[in-house]
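# Overview (structure and organization)
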Amino acid sequence: MNDKKLNMIYKVCCVIYVIFLIYALYRNWMGKYFFVTISSCYLPFMAPLIVHILKVKLPTEFYIVNIIFVFMASLWGSCLGGYQIAYFDKVVHTFCGVIFAELFYLLYKYYLRDDKRKSLMFIFINGLNMATAMVWEFYEFLMLYFFQYDAIRNSTGVYDTITDMMVATIGGLLLSLYLIHYDQDKKNHFFVSLERKTYLMNKKNSVD
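Thresholds applied
- Residues numbered from 1 in each chain as written.
- Predicted model: local features only at pLDDT ≥ 70, side-chain atom pairs only at ≥ 80, totals over all residues.
- Heavy atoms only, no water.
- Helix = DSSP H or I, 4+ residues; strand = E, 2+ residues; numbered from the N terminus.
- Rg over C-alpha atoms; globule rule 2.2 N^0.38 Å.
- Buried < 20%, exposed > 50% of the residue type's maximum accessible area, 1.4 Å probe, protein only.
- Contact = heavy atoms within 4.5 Å.
- Areas by Shrake-Rupley, 256 points an atom, 1.4 Å probe, with all protein chains shown as cover.
- Lys, Arg positive; Asp, Glu negative; His and termini not counted.
- Charge placed at Lys NZ, Arg CZ, Asp CG, Glu CD.
- Salt bridge = Lys/Arg side-chain N within 4 Å of Asp/Glu carboxyl O.
- Core = buried A, V, L, I, M, F, W, Y, C linked by side-chain atoms within 4.5 Å.
- Patch = residues over 30% accessible without salt bridge, like charges linked within 9 Å, V, L, I, M, F, W, Y side chains within 5 Å.
- Phe/Tyr/Trp six-rings, centres within 6.5 Å; stacked < 30°, edge-to-face > 60°.

Further remarks concern the overall build of the protein chain. Along the protein chain, the regular secondary structure elements total seven helices and zero strands. In terms of C-alpha radius of gyration, the protein chain reaches 18 Å, essentially the compact-globule figure of 17 Å for 208 residues. By principal-axis analysis of the C-alpha atoms, the protein chain measures approximately 50 × 40 × 30 Å. Each of the 208 residues in the protein chain was classed as buried or not, and the buried ones make up 41%. A sequence separation of at least 24 residues applies to 67% of the contacts in the protein chain between residues at least 6 apart. A total accessible area of about 12,700 Å² is found for the protein chain, and carbon and sulfur atoms account for 71% of it. For the protein chain, the distance from the average site of its 20 positive side-chain charges to the average site of its 15 negative ones is 8 Å.

Spelled out as structure tokens, the structure:
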């Protein structure tokens, strides 16, 4: 898909996000989930801000994934009752595992590009992904503690926490197996091609 189409998709995603954000602010105004909704105003900018500070260039696909993930996890999930839908929470956590596995794959390939040890790549990606899943559960607990938003479903907290970490781990495991299988393939498989495109963008940037 060319850059023009990707930019159009990104703009459409942003417009949809803004429309739902306005509705969420209206629905939750000064209510129980008001401050959670306010957080949805700045969360889409957090990842791009970090990328900007680090002076890293990323292809448009990552910004599309970012806005979709924040929409699902924060705006729809926390502000508009998405987490009340059966298994919605598990889908978000699985998606989260896939996203972070890809990010850790980028990190691995940037510093160990010529390393062919598949076992090391597997351990690196999944170890960091599992640690991230744990940090996410800390975040959900803090949401309950400070904002009384029960993302961990306090009545079944242990079960919810463990299953959330489990599906995030499964998502990361599945993607890491895919990445290991196609890492050395000359064809541009989607998740592998994202890494190659990112590497070339930043390699060019470092030369300049």
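That covers the picture; the talk isn't over yet.
This brings us to the pattern of salt bridges. Taken as a whole, this structure holds six salt bridges when the rule is applied. Here Glu 61 and Lys 197 are joined by a salt bridge, their closest N and O atoms 2.9 Å apart. Here the residue Glu 61 occupies a position in helix H3 (residues 60-79), and Lys 197 occupies one in helix H7 (residues 190-207), the gap between them amounting to 136 residues. You can call Glu 61 buried: its relative accessible area is 11%. Here Lys 197 falls in the partly exposed class, since its relative accessible area comes to 30%. Salt-bridge contacts for Lys 90 lead to Asp 164; the nearest nitrogen and oxygen are separated by 2.6 Å. Within this pair, whereas Lys 90 is found in helix H4 (residues 88-111), its partner Asp 164 is found in helix H6 (residues 157-182), the two being separated by 74 residues in sequence. Residues Lys 90 and Asp 164 agree in their burial class; the two are buried. Several salt bridges converge on common partners, so that one network encompasses Asp 89, Lys 90 and Asp 164.

The subject of this paragraph is the nonpolar core. Formed by 22 residues in total, the largest nonpolar core has its most connected members in Tyr 17, Phe 69, Ala 73, Leu 75, Cys 79 and Val 92. Looking at this core, the elements that each hand over two or more residues are helix H1 (3-28), H3 and H4. The element that contributes the greatest number of residues to this core is H3, accounting for nine residues. The contacts of Phe 69, once residues within four sequence positions are left out, are Ser 74, Val 92, Phe 95, Cys 96, Ile 99 and Trp 136. Listed in part, the 14 residues of the second largest apolar core include Leu 58, Met 121, Ile 125 and Leu 179.

Our next topic: a nonpolar patch on the surface. Among the surface-exposed residues, Met 8, Val 12, Val 15, Ile 16, Ile 19 and Phe 20 lie close enough to one another that they form a single nonpolar patch of about 530 Å² accessible area. For Val 12, the position within the fold is in helix H1.

Summed over all chains, the structure comprises 16 aromatic pairs. Relative to Phe 95, the ring of Phe 69 lies with its centre 5.8 Å away and its plane at 70°, an arrangement referred to as edge-to-face. Of this pair, Phe 69 sits in helix H3 while Phe 95 is found in helix H4, placing the two residues 26 residues apart along the sequence. On the basis of an interplanar angle of 65° and a centroid distance of 6.4 Å, the ring pair of Tyr 110 and Tyr 199 is categorised as edge-to-face. Of this pair, Tyr 110 sits in helix H4 while Tyr 199 is found in helix H7, placing the two residues 89 residues apart along the sequence. Judged by relative accessible area, which is 21%, Tyr 199 ranks as partly exposed. The structure contains a cluster of three or more aromatic residues connected by ring pairs, namely Tyr 17, Phe 20, Phe 71, Trp 76, Tyr 83 and Phe 88.

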